[in-house]
Amino acid sequence: SPLVHRSMIIVARHDITPAQLDALYAKAPVFAVVSGLGSGDWSPVDAFCARHEVPCWFPSVVAPPAKAPHALYFNAGVHLEARALARSLKDQKGTGRRRIVQVHGPDAASAGASVTFRESMAGSVSQISDRVLTSFSSSELAEALADMHRGDIAVLWMNASELQALKSLSPPEGDVWLSATLGADTPEVVPVPWRKAVRVLYPYELPEQRAANLAYFRAWRVQRQLPLIDETLQSEVFFAFSFFTDTIAEMLDNLYREYLIERAETMIDRRELSRAESEYLSSTSSHVRVDGQGAAGTKAPGPVAYQAIKDAGAGFMQRGGTTAYPHLTLGAGQRFASKGVYFVHYDSAGRVVADGDWIVP
């Protein structure tokens, strides 16, 4: 179908306007919007997809809209983290009234996270106050945290560049939480003196299993000599296009937008298990050569499948998925494939340490 051939639009800006999107669509109607990148307000793109009934297929978005009838997302982003933290705090017994300070900027993502957290804490006896920063200088951040005491909680909805202001500060009294979705997704982002003081809302698979899940993608990237810039983002784009291609192929001639969404809702978990199994089987098949040559003896950078299992070890055969997230699943009307978070901390050696089980709010 010519429409399907014009299906892969990458929306690489979060500030694109509805008029710009409508103009692009009028010039060349598409079957679906595949992948995309949004660090702020994604609602213009989501509204465009709803207005034209175009599937919005697994964009990389930190704060997706709560209701998205024509969109599928990896997870609910910072809103998921906010709800998970609120549930944990409300479930704690015997803690009494606690004072919670939220620090965030005026941007849509961090401000939206603070609103979701406050709403999710409804009914709690805790006192919540917001400190909205504009420059995220060390002095401004120090002032925002100056009155923290033992027993207080600080939730810093800050991105990776904003977290650099922590370098010249000492951790405050009380508990400090960071968002992996916004930027604290690797230990290197957090200054060493802060690693023992902070806990992180972490929606990704833990490192050992994550390495196994992404082993095939990593080998594929190296074979094609693609630079590693942001593994989570790059693996999300890889998944979005491969899952889209697989789903379209299985639809045969039934190329309807509604059917595309239905297929994703019912098949994503089985597809992930099947893909993980097929990658393992291909890595152990007889035509895969250790010496980096194909069956015809031609030079090659090394078979992707073989390199994947070599890098991942025994964990490769125990995978339940192929993304940076724990097992993805959807159901009728569901729009967020990964539904929980870990609470983790980063130790002095820079390791990710889980503080408990996967939490689904």
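Reading the values: the criteria
- Throughout, a residue's number is its position along its own chain's written sequence, starting from 1.
- The predicted origin of the model limits local features to residues at a pLDDT of at least 70 and limits the giving and counting of side-chain atom pairs to 80 or more, whereas totals for whole chains, interfaces and linings rest on all residues.
- Each side-chain value is derived from all of the structure's non-hydrogen atoms; neither hydrogens nor water enter the calculation.
- Here a cavity means grid points, on a 1 Å grid over the protein atoms only, where a 1.4 Å probe fits yet cannot get out; a pocket means an open set of points with protein on both sides within 12 Å along at least five of seven lines; lining residues are those with an atom within 4 Å of a point.
- Grid points are joined across faces, edges and corners, and a volume is the space filled by probe spheres set on the points.
- Numbering of helices and strands runs from the N terminus; a helix is a DSSP stretch of H or I covering at least four residues, while a strand is a stretch of E covering at least two.
- Side-chain classes follow a simple rule in which Ala, Val, Leu, Ile, Met, Phe, Trp, Tyr, Cys and Pro form the nonpolar group, Asp, Glu, Lys and Arg form the charged group, and the remainder, Gly included, forms the polar group.
- In predicted models, pLDDT denotes the confidence assigned by the predictor to each residue on a 0 to 100 scale.
- Whether two residues are in contact is decided by their heavy atoms: any pair within 4.5 Å suffices.
- Under the scheme applied here, a residue whose accessible area is under 20% of the maximum for its type counts as buried, over 50% as exposed, and between as partly exposed, the area being computed with a 1.4 Å probe on protein chains only.
- Note: two strands are recorded as paired if DSSP finds a minimum of 2 bridges between them.
- Here, a salt bridge means any side-chain nitrogen of Lys or Arg that lies within 4 Å of a carboxyl oxygen of Asp or Glu.
- Axes, fitted as lines to C-alpha atoms, cover a helix only where it is in contact. Angles between the N-to-C directions of the axes lie from 0 to 180 degrees.

### Side note on the layout of surface pockets
The method is simple in principle: a probe with the dimensions of a water molecule rolls over the atoms, and the space it marks as empty is what remains.
So, step 1. In this structure, the largest pocket spans a volume of roughly 960 Å³.
So, step 2. In terms of lining, the largest pocket is formed by 47 residues, of which the most central are Ala180, Thr181, Asp185, Tyr204 and Asp230.
So, step 3. Counting residues per element, the ones that place at least two in the lining of the largest pocket are β2 (37-38), β4 (60-61), α5 (108-120), α8 (207-213) and α10 (231-251).
So, step 4. In terms of residue count, the dominant contributor to the lining of the largest pocket is α10 (4 residues).
So, step 5. Residues belonging to the lining of the largest pocket are distributed by class as follows: 21 nonpolar, 15 polar and 11 charged.

### Some points on the confidence of the model for the chain
So, step 1. The predicted model of the chain averages 85 in pLDDT, with 83% of residues at 70 or higher.
So, step 2. Taken as a whole, residues 1-6 scores under 50 in pLDDT and shows 12 contacts with residues more than four places along the chain or in a different chain.
So, step 3. The model gives residues 286-301 a pLDDT under 50, and that stretch makes 15 contacts with residues more than four places away or in other chains.

### Comments concerning the pairing of strand β9 (residues 175-179)
So, step 1. Within β9, 4 of the 5 residues are buried, which leaves the element mostly enclosed by the surrounding structure.
So, step 2. Pairing analysis gives 4 bridges linking strand β8 (residues 153-157) to β9, with the strands arranged parallel. For Val155, the partnering residue across the bridge sits in β9 and is Trp177.
So, step 3. Here β9 pairs with strand β10 (residues 198-202) via 4 bridges, running parallel. Paired with Val176 across the bridge in β10 is Val198.

### Notes on the pattern of salt bridges
So, step 1. Evaluation of the coordinates by the stated rule reveals 17 salt bridges.
So, step 2. Here Asp91 ties to Arg87 by a salt bridge, and the two come within 3.5 Å at their closest N and O atoms. Taken together, the residues Asp91 and Arg87, both in helix α4 (residues 78-91) and 4 residues apart, mark about one turn of the helix.
So, step 3. Accessibility expressed as a relative area gives 38% for Arg87, which makes it partly exposed.
So, step 4. Salt-bridge contacts for Glu265 lead to Arg335; the nearest nitrogen and oxygen are separated by 2.7 Å. Separated by 70 residues along the polypeptide, Glu265 in helix α11 (residues 257-283) and Arg335 in the loop between α12 (304-312) and β11 (342-346) bring together distant segments of the chain.
So, step 5. Since its relative accessible area comes to 9%, Glu265 is described here as buried.
So, step 6. Each of Arg99, Arg131, Asp147 and Asp152 takes part in a single network of salt bridges with overlapping partners.

### As for the sheet that holds β11
So, step 1. Strand order in the open sheet formed by 7 strands is β7-β6-β8-β9-β10-β11-β12, with mixed pairing between adjacent strands. Two strands bound the open sheet, and with one partner strand each, they are β7 (127-132) and β12 (352-354). Neighbouring strand axes in the sheet, compared pairwise and without regard to direction, differ in orientation by 30 degrees on average.
So, step 2. In terms of strand pairing, strand β6 (residues 99-104) meets β8 through 5 bridges, oriented parallel. Of the residues in β8, the one forming a bridge with Ile100 is Ile153.

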